[in-house]
Amino acid sequence: MQSWLFLAIAIVNEVIATSALKLSDGFTRPVPTIIVVVGYILAFYFLSLTLRCIPVGVAYAIWSGLGMVLVSVISLVLYGQKLDFAAILGMEFIIAGVIIMNLSTKSLSH
């Protein structure tokens, strides 16, 4: 169960760091740049802890899928970036894939 918590912490830090990239304005603004660097360091540290128990392919699929969806939602809310129907549909497929993987794969130890 601890590995799933580590994965969640990794995803949250990666989403924060990625969202701050826009605010860093090409690393010319110090505070957002620090958020990016610290966020990615924490994200990869917690991902490395996750990989002690969760297979890398499964962890990375969840990390990238949920991260992409969360960054898209944050971009919509904070930056007003719109998503078209195809983008929303694609994200729904990714969420469905993550759920299917979690519920049915034999690669995980539940």
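Trainee: In this structure, what is going on with the overall build of the protein chain? I would like to understand it.
Mentor: Secondary structure summary: the protein chain contains four helices and zero strands in total. Scanning the protein chain from its N terminus toward the C terminus, one meets helices and strands in the order α-α-α-α. Taken over the C-alpha atoms alone, the protein chain extends approximately 45 × 35 × 15 Å along its principal axes. Considering the protein chain as a whole, with its 110 residues, one finds that 32% of them fall into the buried category. Counting only contacts in the protein chain whose residues sit at least 6 apart along the sequence, the fraction spanning at least 24 positions is 63%. A total accessible area of about 6,900 Å² is found for the protein chain, and carbon and sulfur atoms account for 73% of it. Side chains of the protein chain give 5 positive and 4 negative charges; the mean places of these two sets differ by 9 Å.

Trainee: What is the right way to look at the packing of aromatic side chains in this model?
Mentor: Within a pair of aromatic rings, the relevant descriptors are the distance that separates the centres and the angle that separates the planes. Considering all chains together, one arrives at three aromatic pairs under this definition. On the basis of an interplanar angle of 45 degrees and a centroid distance of 5.8 Å, the ring pair of F6 and F46 is categorised as tilted. With F6 in helix α1 (residues 2-24) and F46 in helix α2 (residues 30-50), the pair connects residues that are 40 residues apart, well separated along the chain. Residue F6 shares its accessibility class with F46, and that shared class is buried. Ring centres 5.2 Å apart and planes at 75 degrees place the aromatic pair Y45 and F46 in the edge-to-face group. Aromatic ring contacts, followed pair by pair, group F6, Y45 and F46 into a single cluster. One cation-aromatic arrangement involves K22 over Y79; the distance from NZ or CZ to the ring centre is 5.6 Å.

Trainee: What exactly am I supposed to notice about helix α3 (residues 56-79) here?
Mentor: Three or four residues apart is the spacing at which side chains of an α-helix point the same way, because the helix has 3.6 residues per turn. Counted at 1.5 Å a residue, the expected span for α3 with its 24 residues is 34 Å, and the 32 Å between its end C-alpha atoms agrees. Taken residue by residue, α3 has V58, A59, I62, W63, G65, G67, V69, V71, S72 and S75 as its buried positions. Where α3 is buried, its residues meet α1, α2 and α4 (85-104). The first or second residue beyond α3 is G80, which carries a positive phi of 70 degrees.

Cut-offs used in this document
- Residues numbered from 1 in each chain as written.
- Predicted model: local features only at pLDDT ≥ 70, side-chain atom pairs only at ≥ 80, totals over all residues.
- Heavy atoms only, no water.
- Helix = DSSP H or I, 4+ residues; strand = E, 2+ residues; numbered from the N terminus.
- Buried < 20%, exposed > 50% of the residue type's maximum accessible area, 1.4 Å probe, protein only.
- Contact = heavy atoms within 4.5 Å.
- Areas by Shrake-Rupley, 256 points an atom, 1.4 Å probe, with all protein chains shown as cover.
- Lys, Arg positive; Asp, Glu negative; His and termini not counted.
- Charge placed at Lys NZ, Arg CZ, Asp CG, Glu CD.
- Phe/Tyr/Trp six-rings, centres within 6.5 Å; stacked < 30°, edge-to-face > 60°.
- Lys NZ or Arg CZ within 6 Å of the ring centre and 35° of its normal.
- Expected span 1.5 Å × (residues − 1).

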